[in-house]
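# Working through the structure, step by step
Listed here are the chains, written in short residue letters.
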Amino acid sequence: MTAALYAYSFLDDCVLLYPVYALLFSDADLSVTQISSLFVLWSLTGILLEVPSGALADAVSRRLLLWTGPLLTAAGFALWVLAPSYWTFALGFVLWGAKGAFGSGALEALVYEDLAHLDAADSYARVMGRARAASLAGVMTATALAGPALAVGGYGLVGAASVAACVLTAGVALGLPEHRGAGAGGEGDGGGAGWWGALRAGVAEARGDRAVRGALLLVPAVTAVWGALDEYTPLLVREAGAGDAEVPWWLLVIWVGATVGSLLAGAVRGVGAGGLAGLLAGAGLALAAGTALPPHGLPLPAGITLVALAFCAFQLTTVLADARLQASVRRPSRATVTSLAGAATELTTVAVYATYGLLAPQTSHGTTFALFATPYVLTALAMRKRRRGSHHYGPCRHDRRDDTTPD
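Rules of the game
- Here, residues in each chain are numbered from 1, in the same order as that chain's written sequence.
- The predicted origin of the model limits local features to residues at a pLDDT of at least 70 and limits the giving and counting of side-chain atom pairs to 80 or more, whereas totals for whole chains, interfaces and linings rest on all residues.
- Where side-chain values are given, they derive from all heavy atoms of the structure, hydrogens and water being excluded.
- Helix numbers and strand numbers start at the N terminus; a helix is a DSSP run of H or I with at least 4 residues, a strand a run of E with at least 2.
- Only protein chains enter the area calculation, which uses a 1.4 Å probe; residues under 20% of their type maximum are buried, those over 50% are exposed, and those in between are partly exposed.
- In a helix, the anticipated span is given by 1.5 Å times the number of residues less one.
- Angles shown run from 0 to 180 degrees and are taken between the N-to-C directions of axes, each axis being a line fitted to C-alpha atoms and, for helices, limited to the stretch in contact.
- With respect to orientation, any angle under 35 degrees is reported as roughly parallel, any angle over 145 as roughly antiparallel, any angle of 65 to 115 as roughly perpendicular, and every other angle as oblique.
- The contact rule is simple, with two residues in contact once any of their heavy atoms fall within 4.5 Å.
- Charged residues are taken to be Asp, Glu, Lys and Arg, nonpolar residues to be Ala, Val, Leu, Ile, Met, Phe, Trp, Tyr, Cys and Pro, and polar residues to be all remaining types, Gly included.
- The sense of a crossing depends on the near helix, which, turned anticlockwise from the far helix by less than a right angle, makes the crossing left-handed and, turned clockwise, makes it right-handed.
- Under the pairing criterion, centres of Phe, Tyr and Trp rings, with the six-membered ring standing for Trp, must be within 6.5 Å; the plane angle then separates stacked pairs below 30 degrees from edge-to-face pairs above 60, leaving the rest tilted.
- A score between 0 and 100, pLDDT records how confident the predictor is in each residue.
- Two joining distances apply to patches: 9 Å for like charges and 5 Å for nonpolar side chains (Val, Leu, Ile, Met, Phe, Trp, Tyr), and every residue must have over 30% relative accessible area and no salt bridge.
- We get accessible surface area from the Shrake-Rupley algorithm with a probe of 1.4 Å; when it comes to residues, only the shown protein chains can shield them.
- One speaks of a salt bridge when a side-chain nitrogen belonging to Lys or Arg is within 4 Å of a carboxyl oxygen belonging to Asp or Glu.
- By nonpolar core we mean a set of buried residues, namely Ala, Val, Leu, Ile, Met, Phe, Trp, Tyr and Cys, connected to one another through side-chain atoms within 4.5 Å.

As a further point, take unusual backbone geometry. Unusually for a residue other than glycine, Asp29 sits at a positive phi of about 70 degrees. Within the fold, Asp29 resides in the loop between α2 (21–27) and α3 (32–59). Of note in this structure, Asp119 is not a glycine but carries a positive phi near 55 degrees. Among the secondary structure elements, Asp119 is positioned in the loop between α6 (106–117) and α7 (124–173). On the accessibility criterion, Asp119 (73% relative accessible area) is exposed.

See below:
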């Protein structure tokens with residue numbers, strides 16, 4: 001399972017169109033407003049389909065959604081290259097948004113339940129950490145190959161390679177094992193009641209179980225802000241004084257930091273609420289310090305190194321928050337609950353985009369990054385306060401069979 005998972009994660013993000021699709025849109029004479037509207041359509045598609053697709057994964061098959069999704073993006077990318085226009089780009093983003101929704105929740109549920117089937121659920125953080133590292137390796141590989149491919153064969157070659165990567169991803173997904181029923185057996189079994197039953201069971205568990213609800217809300221609190229800020233890191237680096245040709249190399253430093261964070265997840269999977277809060281606070285402070293860039297603060301190398309350390313901690317806490325959520329779910333509606341966390345993350349991310357758009361023109365990218373460090377420090381303080389008010393804080397307080405689960 002792990003070999004197939006790591007291959008799936010790598011191929012899923014090793015898409016050569018990712019670094020250059022904005023150039024494709026521009027070369028097709030789309031305005032900035034039209035390009036922005038495509039991003040909005042992309043986000044809205046993911047938000048609308050996130051929870052329904054999670055319920056579908058619980059009711060039907062997680063593996064089915066995982067191999068269907070990449071084929072949707074393959075069709076969309078083919079349309080982009082063969083018939084570039086605003087409307088084909090829009091259709092491609094709808095297909096891409098659907099693919100993202102199909103995989104969100106389904107992948108985490110499939111992996112956790114397969115590990116539980118093997119009595120290895122405590123390895124989830126380590127396995128998913130490595131899977132996220134494989135995804136980042138795919139991003140870096142695609143970034144390195146996109147430029148030469150574009151120079152040699154234009155968008156045709158880039159598009160063909162992207163379609164091939166999607167088809168290969170779908171093929172690998174067919175090899176993922178699927179064992180249903182880990183954690184099943186409780187009341188509210190959505191797996192046998194169809195799509196609507198799975199949806200109701202997942203929502204009921206998220207609302208009725210305090211541990212699940214707390215773990216669910218932690219996911220967007222940890223993930224959304226830094227996930228949105230990642231889109232603006234090229235602008236941050238350029239503002240700090242890097243030339244355009246140097247920007248990718250400084251971004252590589254940040255990506256390496258995030259990759260290291262993924263790989264550390266297995267080693268610190270047993271960290272408690274106090275440790276998790278400390279990681280968040282430290283990451284927020286490192287982000288704030290690192291973005292005090294010239295001409296008023298740290299020199300470029302030191303600043304970007306601190307940003308990379310912050311992203312390392314953010315990626316690490318993202319994996320741990322996901323592991324905490326999976327450990328808290330006790331009913332068969334695991335994909336639905338995970339999709340609820342994904343939907344909350346998407347909504348928060350859109351809010352971050354909007355806020356960033358309002359703040360950055362009034363100040364600077366560095367100052368805006370530093371301001372967005374504040375939510376992490378506040379979240380860390382809230383976690384420590386809640387921990388002091390509870391003798392045992394965490395999703396497994398009602399089930400202490402696994403002492404390695406992050407509390």
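Resuming the write-up.
Moving on to helix α5 (residues 86–103). For α5, which comprises 18 residues, the first-to-last C-alpha distance of 26 Å matches the rise-based estimate of 26 Å (1.5 Å per residue) to within 8%. Burial analysis of α5 places 13 of its 18 residues in the buried class, the great majority of the element. Positive phi shows up at Gly105, right after α5, with a value of about 95 degrees.

It is worth spelling out the packing of helix α8 (residues 194–208) against helix α9 (residues 210–229) at this point. Following both chains from N to C, one finds α8 and α9 inclined at 95 degrees, their axes separated by 5 Å at the closest point. Judged by the angle between their axes, α8 and α9 are roughly perpendicular. When α8 is examined against α9, the residues Glu205, Ala206, Arg207 and Gly208 are found in contact with a partner set consisting of Arg210, Val212, Arg213 and Leu216. Residues that form the contact of α8 with α9 fall into these classes: 3 nonpolar, 1 polar and 4 charged.

All right, on to the packing of helix α12 (residues 273–290) against helix α13 (residues 300–328) then. Contact pair α12 / α13: the axes reach a minimum separation of 8 Å and the direction vectors enclose 155 degrees. Considering their axes alone, α12 and α13 lie roughly antiparallel with respect to each other. For the crossing formed where α12 meets α13, the hand is left-handed. Of the residues in α13, those touching α12 at Leu276, Leu279, Leu280, Ala283, Gly284, Ala286, Leu287, Ala289 and Gly290 are Gly303, Leu306, Val307, Ala310, Phe311, Ala313, Phe314, Leu316, Thr317 and Leu320.

Further remarks concern the packing of aromatic side chains. Scanning the entire structure with this criterion turns up 30 aromatic pairs. A centroid spacing of 6.3 Å and a plane angle of 75 degrees characterise the contact between Tyr18 and Phe77, whose relative ring orientation is edge-to-face. Taken together, the positions of Tyr18 in the loop between α1 (2–13) and α2 and Phe77 in helix α4 (residues 62–82) put the pair 59 residues apart, joining distant regions of the chain. Measuring from centroid to centroid gives 5.4 Å for Phe77 and Trp96, while their planes differ by 80 degrees, and the two rings are edge-to-face. Of this pair, Phe77 sits in helix α4 while Trp96 sits in helix α5, and the two are 19 residues apart along the sequence. An identical accessibility class is assigned to Phe77 and Trp96; each is buried. One aromatic cluster is present, formed by Tyr18, Tyr21, Phe25, Phe39, Trp42, Phe77, Trp80, Phe89, Phe93 and Trp96 through successive ring pairs.

Per-residue pLDDT for the protein chain averages 84, and the proportion of residues at 70 or more is 89%. Taken as a whole, residues 182–192 scores under 50 in pLDDT and shows 19 contacts with residues more than four places along the chain or in a different chain. The model gives residues 391–407 a pLDDT under 50, and that stretch makes 39 contacts with residues more than four places away or in other chains.

What follows concerns a nonpolar patch on the surface. A contiguous nonpolar patch, built from Leu56, Val60, Leu64, Trp195 and Trp196 and spanning about 460 Å² of accessible area, is present on the exposed surface. A residue is classified by how much of its surface remains accessible, and Val60, at 46% relative accessible area, is partly exposed.

What follows covers the pattern of salt bridges. One pass over the structure, following the stated rule, counts 5 salt bridges. Note that Arg62 is salt-bridged to Glu113, the shortest N-O span being 2.9 Å. With Arg62 in helix α4 and Glu113 in helix α6, this residue pair connects regions lying 51 residues apart in the sequence. Residue classification places Glu113 among the buried residues on the basis of a relative accessible area of 2%. The shortest N-O distance in the salt bridge between Glu113 and Arg334 comes to 3.4 Å. Residue Glu113 is located in helix α6, and its partner Arg334 is located in helix α14 (residues 334–359); the two are separated by 221 residues in the primary sequence. Of the two residues, Glu113 and Arg334, neither departs from the other in class, the shared state being buried.

Glancing now at α13. Residues three or four positions apart in an α-helix share a direction because the helix packs 3.6 residues into each turn. Given a rise of 1.5 Å per residue, 29 residues ought to cover 42 Å, and the 42 Å separating the end C-alpha atoms of α13 matches this to within 8%. Of all 29 residues in α13, 24 are buried, a share of seventy percent or more.

Given a relative accessible area of 1%, Arg62 falls into the buried group. Here the alpha-carbon distance between Arg62 and Ala109, two residues 47 residues apart in the chain, equals 7.7 Å. With near-sequence residues (within four places) excluded, Arg62 lies in contact with Ala57, Ala106, Ala109, Leu110, Glu113, Glu178, Arg180, Pro332, Arg334 and Ala335.

Bringing the nonpolar core into the picture now. Ranked by size, the top nonpolar core spans 77 residues in total, and within it Leu5, Leu66, Val111, Leu287 and Phe314 carry the most contacts. Take this core: its biggest share by element is 14 residues, from α13. In this structure, Leu5 is in contact with Leu107, Val111, Val127, Met128, Ala131 and Leu176, ignoring residues within four places of it in sequence. Residues Ile35, Ala90, Trp96 and Ala146 belong to the second largest nonpolar core, which totals 24 residues.

This brings us to the side chain of Asp322. Secondary-structure assignment places Asp322 in helix α13. Not counting residues within four places of it along the chain, the set of residues in contact with Asp322 comprises Glu108, Tyr124, Met128 and Arg132.

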